[in-house]
Amino acid sequence: MMRDNSTKRISDRIDWTLFLLLLLLSIFSIASIYSAQMAMPDKQNFAFKQGIVLLGSTCIIFVMMLFEPEQYEKMTWYLYGFSLFVLLALLLAPDSVAPVIKGQQSWFVLPGLGTLQPSEFAKITYIMAMSLILKRHKDVHISRSHKTDLWLIGKLSLCTMAPLSLIMQQPDFGTSLVFIAMLCGYILVSSIPWHWIFLVFGSGGAIAGGAIYIALSKPEWLEAVGVERYALGRLYSWLSPQEYASGDGLQLIRSMMAIGSGQMDGKAYGERDVYIPESHTDFIFSVIAEQFGFIGASFLIGIFFLLLYHLTQIAITTRRAYDSYICIGMISMLSFHIFQNIGMTMQLLPITGIPLPFISYGGSSLLSNMILIGLVFSIRFYEKEFMFESDRTDVRLM
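Parameters at a glance
Residues numbered from 1 in each chain as written. Predicted model: local features only at pLDDT ≥ 70, side-chain atom pairs only at ≥ 80, totals over all residues. Heavy atoms only, no water. Helix = DSSP H or I, 4+ residues; strand = E, 2+ residues; numbered from the N terminus. Buried < 20%, exposed > 50% of the residue type's maximum accessible area, 1.4 Å probe, protein only. Contact = heavy atoms within 4.5 Å. Areas by Shrake-Rupley, 256 points an atom, 1.4 Å probe, with all protein chains shown as cover. Axes fitted to C-alpha atoms, helices over the stretch in contact; angles between N-to-C directions. Parallel < 35°, antiparallel > 145°, perpendicular 65-115°, else oblique. Left-handed = near helix turned anticlockwise from the far one by under 90°. Expected span 1.5 Å × (residues − 1). Arc of directions from axis to C-beta.

Quick look at the overall build of the protein
(1) Moving on: Helix and strand counts for the protein stand at 15 helices and 4 strands.
(2) Moving on: When the 398 residues of the protein are sorted by exposure, 49% land in the buried category.
(3) Moving on: Sequence separation of 24 or more characterises 70% of the internal contacts of the protein that already satisfy a separation of 6 or more.
(4) Moving on: In the form shown here, the protein has an accessible surface area of approximately 19,100 Å², with 68% of it arising from carbon and sulfur atoms.

Here it is in structure tokens:
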């Protein structure tokens, strides 16, 4: 027997653990962005702008909690189609509306408001669409076979290729990797046999390895198919930053200097010695490590770990498969963002321009992440309780 939790007090239905984690991340974001802007020649108040987006997105979360997850599920394909339309419109828009910035046509210019990056919001609709595909596939195909497994891989791949192909045209290689990471996350929990998973991942790894080999030995081949020179420069500067210290390697060298100079407990607030260009965006972790030291950086990583752990708990315990897969998509996206962003500041991974979730300055990234969090708040707010465990509909993740 299922029991509606609507009789509970509203305060008891809010996920206060998730709220606390977001609050801690927001404090980290404002403090680190303010520290970064103090050393910048451009005296814009980026921390204030970030705070405005945080307040606005917090209001959006409460608005999203007015609607049940079932209503978002019904809107999935409409929103997914609209996001594809916007991505296509971005490529066709004139330079006055969608200018090329740093070699990419990834943003709409909104007079008086700044820029808007549609690919960030496409992540939301993509997660919703992939979750719905998995949920409906398992509803229809109760018994699995090689045919149904291949059909599921095909559907997930087609759903991924639609936004991915448009984003690659911008070209935005970093965001494209995020979509591939989310696809991998969904395949892992799709109940597809491991030999198929090894085949898919092995093929992807071979393609990636081949592309890196070609980039190092025959870069003109990649340029012939449309790969920009700046993308290859990021790869070379990652492998040999000292050789490109006056160009692509500058940020990486200074990032590692900043992280090392922070030592154990950091420096007095605002007293930073290493200037990193655009440190308030992609290289915000370098600012945190220098300003707050190893202790502060570890504390931030700990908050991220707790956030991912909490989302995992929700994915496991929620009663509806669609809601569970929404959380899986978020976990895949956030894990890749965190690992890639922090790794690239320490030369563990190539520089891709992927922001640190909830921390880096950027309205589109922050707003899209908060909308996804709003979905989770809605899931928790309308979670149904079961008087008897046997009444629960199991969600098969593996």
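Things to note about the packing of helix α12 (residues 250-261) against helix α13 (residues 284-317)
(1) Moving on: Viewed as axis vectors pointing N to C, α12 and α13 meet at an angle of 25°, and their least axial separation amounts to 6 Å. Taken together, the axis directions place α12 and α13 in an arrangement best described as roughly parallel. Viewed along their axes, α12 and α13 form a crossing whose handedness is left-handed. In contact with Ser 255, Ala 258, Ile 259 and Ser 261 of α12, α13 contributes Phe 285, Ser 286, Ala 289 and Glu 290.

Examining unusual backbone geometry
(1) Moving on: In this structure, Pro 171 follows Gln 170 across a cis peptide bond, with omega equal to -10°.
(2) Moving on: Structurally, Pro 171 can be placed in the loop between α7 (146-168) and α8 (173-188).
(3) Moving on: A positive phi angle, near 55°, is found at Glu 278, a position not held by glycine.
(4) Moving on: For Glu 278, the location among the structural elements is in the loop between α12 and α13.
(5) Moving on: In this model, Phe 358 sits at a positive phi of 70°, which is unusual for a non-glycine residue.
(6) Moving on: On the secondary structure map, Phe 358 appears in the loop between α14 (321-344) and α15 (363-381).

Concerning helix α3 (residues 46-64)
(1) Moving on: With 19 residues, α3 ought to run about 27 Å at 1.5 Å a step, and its terminal C-alpha atoms sit 27 Å apart, in line with that.
(2) Moving on: Residues of α3 that are buried: Phe 46, Ala 47, Gln 50, Gly 51, Leu 54, Ser 57, Ile 61 and Met 64. Down the axis of α3, the smallest arc covering the buried residues is 140°, so these residues share one side. Among the exposed residues of α3, those pointing more than 90 degrees away from its buried face are Phe 48, Leu 55 and Cys 59.
(3) Moving on: On its buried face, α3 is in contact with α2 (16-38), α4 (69-74) and α15.

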